[in-house]
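Take a look at the letters that make up each chain.
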Amino acid sequence: MAAGLCAALFALLTALVAARHGAPFGLDEEWHRWSVRHRPAVALARGITATGSGPVPYGLAVAAGLIAGRGTRGRAAAAAGALAFLLLAQGVRYAVMYGVARPRPPVADWAVLATGFAFPSGHAATSALVAGLLAWAARRTATPRAARFYGALAACWAAAVGLTRIHLGVHWPTDVLVGWLYALTWLTAAGAVAVAIAPESDVRIRDAL
């Protein structure tokens, strides 16, 4: 149900943006202007946003698999599976991005270099996907209390990465929102599949995702 709801919201917003040929919504423009006018700590935002792309998220995905696996072979398989999951989600995201081809906000408003189209936000989607993988790893290996703490910490990191994309002026707010919805669609769907094929002892995977 959660996967279906996230997928429906993602599809609806994608259709609306595509129907407008990528033009921003009124709220997009208002929030963008406010963010550009009120953005202290740009250096900090740049540091946070840098963790949402490049080798960091892929390294964290592999680390999540290594933590979640049991035994040498299990860890290798889990790391490969986590990395494959992230790569597959990224491939589909790129297809959506080039299909919608939404322009970014005006270059004059950017506080950091950005490439490619805007929709959905790659940093927001990637960090949220990795946060889900880290929460899964924590759920499999830590105590329930510690797992909740680590999961919340990962979620806060992903939220911070997404918000910096708006703060730095390189994404419209709906780009980030849809990036989060995209990641949640994949994570909740993966949780449902894991429950269907995993033994009863691994039902905790669903709760983490």
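Here the residue numbers are simple positions, counted from 1 along each chain's written sequence. Reporting in this predicted model follows two pLDDT cut-offs: at least 70 for local features of residues, and 80 or more for side-chain atom pairs to be given and counted; totals over whole chains, interfaces and linings ignore these cut-offs and use all residues. Excluding hydrogens and water, the side-chain values take into account all heavy atoms of the structure.

Undergrad: Quick question: what am I supposed to make of helix 5 (residues 71–100) here?
TA: Three- or four-residue spacings in an α-helix give side chains the same orientation, since the helix completes a turn every 3.6 residues. Elements are defined by DSSP. Helices are runs of H or I of four residues or more, strands are runs of E of two residues or more, and each kind is numbered from the N terminus. For a helix, the expected span equals 1.5 Å multiplied by the residue count minus one. With 30 residues, helix 5 extends 43 Å between its outermost C-alpha atoms, agreeing within 8% with the 44 Å of an ideal straight helix rising 1.5 Å per residue. Among all positions in helix 5, only Ala 78, Ala 79, Ala 82, Phe 85, Leu 86, Ala 89, Gln 90, Arg 93, Val 96, Met 97 and Val 100 are buried. Any two residues whose heavy atoms approach within 4.5 Å at even a single point are treated as in contact. Check the buried side of helix 5 and you find it contacts helix 1 (2–19), helix 4 (55–68), helix 6 (122–141) and helix 8 (173–197). The first or second residue beyond helix 5 is Ala 101, which carries a positive phi of 55°. Note on classification: 1.4 Å probe, protein chains only; a residue is buried when its accessible area is under 20% of the maximum for its type, exposed when over 50%, partly exposed between these limits.

Undergrad: When you look at the packing of helix 4 against helix 6 in this model, what are you seeing that I'm missing?
TA: Relative orientation and spacing of two packed helices are given, respectively, by the angle between their axes and the distance between those axes. Where helices are involved, their axes are fitted lines through C-alpha atoms of the stretch in contact, as for all axes, and angles between N-to-C directions lie from 0 to 180°. Their axes nearest at 8 Å, the elements helix 4 and helix 6 cross at an angle of 15°. As summarised for this structure, helix 4 and helix 6 are arranged roughly parallel, according to the angle between their axes. For the element pair helix 4 and helix 6, the recorded crossing hand is left-handed. Residues Pro 57, Leu 60, Ala 61, Ala 64, Gly 65, Ile 67 and Ala 68 of helix 4 form the contact with helix 6, whose participating residues are Thr 126, Val 130, Leu 133, Leu 134, Trp 136, Ala 137, Arg 140 and Thr 141. Gly is placed with the polar residues, together with every amino acid not listed as nonpolar (Ala, Val, Leu, Ile, Met, Phe, Trp, Tyr, Cys and Pro) or charged (Asp, Glu, Lys and Arg). Here the residues of the contact of helix 4 with helix 6 sort into 11 nonpolar, three polar and one charged. Each angle gets one of four labels, with under 35 degrees taken as roughly parallel, over 145 as roughly antiparallel, 65 to 115 as roughly perpendicular, and the rest as oblique. Crossing handedness follows the turn of the near helix against the far one: under a right angle anticlockwise gives a left-handed crossing, and clockwise gives a right-handed one.

Undergrad: So what exactly am I meant to see when it comes to the environment of Cys 6 here?
TA: In this fold, Cys 6 is placed in helix 1. In this structure, the C-alpha to C-alpha distance between Cys 6 and Ala 190, residues 184 residues apart in sequence, is 13 Å. The residues touching Cys 6, leaving out its near neighbours within four places in the chain, are Leu 181, Leu 184 and Thr 185.

Undergrad: Would you take a moment to explain the side chain of Thr 188 for this structure?
TA: Within the secondary structure, Thr 188 is located in helix 8. Take Thr 188: its relative accessible area is 18%, and that puts it in the buried class. Here a polar contact means two N or O atoms within 3.5 Å. Within protein one must be a hydrogen donor candidate and the other an acceptor candidate, and residues neighboring in sequence count only if both atoms are side-chain atoms. A distance of 3.2 Å separates a polar atom in the side chain of Thr 188 from the backbone oxygen of Thr 185.

Undergrad: What am I meant to see in the confidence of the model for the protein here?
TA: When pLDDT drops low, the exact placement of atoms in the prediction is not to be read closely. A score between 0 and 100, pLDDT records how confident the predictor is in each residue. Residues of the protein with pLDDT of at least 70 account for 94%, and the chain-wide mean is 90. Looking over the protein, one finds the lowest element-wise mean pLDDT in helix 9 (residues 204–208), namely 48, and the highest in helix 7 (residues 144–167), namely 95. pLDDT under 50 marks residues 205–209. Its contacts with residues more than four places away, or in other chains, come to 15 contacts.

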